[in-house]
Amino acid sequence: MVILDKPLDYETKTQLQVVIYAVETSTKEKYSTTATVTVNVLDGDDQYPQFQPCAPVYEDGDHNICTNPVYSVNITETDEDAVLYFSPGPILAEDGDKNILTPLVYSILSGDDNGRFTIDSKTGEITLRHRVENRLLTPSFRLRIMAAQVNDPKKYSVATALIHVLSENRFPPFFNKTVYKGFLIESSSPATLVTTYGNQVLLVQAIDRDFRDPLTGSSKLYHITQDGIVIAKTDRLRAFDRHILEVIATDEESGEAAHASVDIEVLQRGQPVPRSPFGEERLFGDMHAGMAGGIAAVVFIVAVLALFLFLWLAKRRRERRDPVERGAVALGKHPNVEASAPISPRQVS
């Protein structure tokens, strides 16, 4: 006779194998044999519902202990008769007995604000029935949602849904420039401000007229502060490095986004920051200062030699002009004008 010594848990193990050993005790040979008993564990209704997604606080194989998520959604004062889509979502609970999956019923325990919010008892879908008159008086709502087994209401679970009331989103975000230019001086400092033309601090600003505060962001090598100042981890950069960063500002309420690029060059120690994107300084912006000066000197010498050669050729051309032409010019006559004969008195009528 095989006797179960303690309860089995389907969620932990669905099958067990027991090996039974039999041996002779009154014979000299003491022959033996074995047999295997397979025990299949059936799922019993011993687990409570769990809201999804499950956030495990304890894991032991297939057996997890979860905490219920907190659902959240944003609405505006103009929303009415609208289904709410929460994050994480949708609002959903499942029976903890995975092999049974008893149907559940949903209800709002508290926070419905006199019927302003209703819930579908079968799907858990929440609907806003009446608009919020003044978000300053009621900036948020907190709903307590219960999911209970249909066949045993004593097995239930409760989760929280937060509803934030925001002003109407009327403007998309945008950057004050589409492309930003930045420069860094090679340094061992762990953090340095990125500058732009004229050695001014580079400001990257995303603007959304629905909000007062600018947007911020960061990467592995760069960080953008709330004021739009770009800070670089200079000790991880080298001279002549060039990074083009794509900055994206996203309105988390509407999902609208704006894009901008930040072109950053790492300069050598002692190399000046260009004053503008045009001019001679920009031409030699990627070169060493000494190299740039040498090229400028060569260009100047070539220009002087070209001017001297032009003047010399012009002088030689004047010296080689026709002698008759030179004489005519000396007498004040044009070489193509012939002298006319005097007019006879008889020719005058």
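A brief look at the structure comes next. These figures come from a predicted structure and were not determined experimentally.

From N to C terminus, the protein includes three helices and 24 strands. The 349 residues of the protein split such that 26% are buried. The contacts of the protein with a sequence gap of at least 6 include a subset with a gap of at least 24, amounting to 58%. Just so you have it, the protein exposes about 24,100 Å², and 55% of that area is on carbon and sulfur atoms.

The three strands lie next to each other as β7-β11-β10, forming an open sheet whose pairing is antiparallel. With partners counted over all chains shown, the strands left at the sheet margins are β7 (82-83) and β10 (117-119), one partner each. Of the pairings in the sheet, the one linking β7 to strand β11 (residues 126-128) comprises two bridges and is antiparallel in character. Opposite alanine 82, over in β11, you have leucine 128 as the bridge partner.

Right, let's get into the packing of aromatic side chains. This structure, assessed with the given rule, holds three aromatic pairs. Ring geometry for phenylalanine 51 and tyrosine 71: centres 6.4 Å apart, planes at 70°, overall edge-to-face. Taken together, the residues phenylalanine 51 in strand β3 (residues 50-52) and tyrosine 71 in strand β6 (residues 70-76) connect sequence positions 20 residues apart. Taking 5.4 Å as the distance between ring centres and 65° as the angle between the ring planes, the aromatic pair formed by phenylalanine 183 and tyrosine 197 counts as edge-to-face.

What follows covers the pattern of salt bridges. Considering all chains together, one arrives at six salt bridges under this definition. Of the charged contacts in the structure, one is a salt bridge between aspartate 113 and arginine 116, with a shortest N-O distance of 2.6 Å. Overall, arginine 116 belongs to the buried group, its relative accessible area being 13%. We note a salt bridge from arginine 242 to aspartate 263, for which the minimum N-O separation is 2.4 Å. Here arginine 242, found in strand β23 (residues 242-250), pairs with aspartate 263, found in strand β24 (residues 257-267); they are 21 residues apart in sequence, far enough to count as distant. Taken together, the shared-partner salt bridges connect Lys181, Arg242, Asp263 and Glu265 into one network.

Topologically, arginine 116 is positioned in the loop between β9 (104-110) and β10. A distance of 2.6 Å separates the side chain of arginine 116 from the backbone oxygen of arginine 131, its partner in a polar contact. Sequence-distant contacts of arginine 116, that is, excluding residues within four places in its chain, are made with Thr127, Leu128, Arg129, His130, Arg131, Val132, Glu133 and Phe141.

Turning next to the nonpolar core. Formed by 23 residues in total, the largest nonpolar core has its most connected members in Phe51, Leu84, Phe86, Phe117, Ile126, Ile145 and Ile163. Among the secondary structure elements, those contributing two or more residues to this core are β6, β9, β10, β11, β12 (140-149) and β13 (156-166). With residues up to four places along the chain from it excluded, the contact list for isoleucine 126 reads Ala82, Val83, Leu84, Phe86, Ile91, Phe117, Thr118, Ile119, Leu143 and Ile145. Counting residues in hydrophobic clusters, the runner-up holds 19 residues, among them Val194, Ile224, Ala232 and Ala260.

Glancing now at unusual backbone geometry. Glycine aside, negative phi is the norm for most residues, and most peptide bonds take the trans geometry. That bond from serine 87 to proline 88 is cis: its omega, -10°, falls within 30 degrees of zero. Non-glycine residue aspartate 81 carries a positive phi angle of around 50°. The residue aspartate 81 is located in the loop between β6 and β7 in this model. Judged by relative accessible area, aspartate 81 falls into the exposed class, the value being 56%.

Parameters at a glance
Residues numbered from 1 in each chain as written. Predicted model: local features only at pLDDT ≥ 70, side-chain atom pairs only at ≥ 80, totals over all residues. Heavy atoms only, no water. Helix = DSSP H or I, 4+ residues; strand = E, 2+ residues; numbered from the N terminus. Buried < 20%, exposed > 50% of the residue type's maximum accessible area, 1.4 Å probe, protein only. Contact = heavy atoms within 4.5 Å. Areas by Shrake-Rupley, 256 points an atom, 1.4 Å probe, with all protein chains shown as cover. Pairing = 2+ DSSP bridges. Phe/Tyr/Trp six-rings, centres within 6.5 Å; stacked < 30°, edge-to-face > 60°. Salt bridge = Lys/Arg side-chain N within 4 Å of Asp/Glu carboxyl O. Polar contact = N/O pair within 3.5 Å; in protein donor to acceptor, adjacent residues only side chain to side chain. Core = buried A, V, L, I, M, F, W, Y, C linked by side-chain atoms within 4.5 Å.

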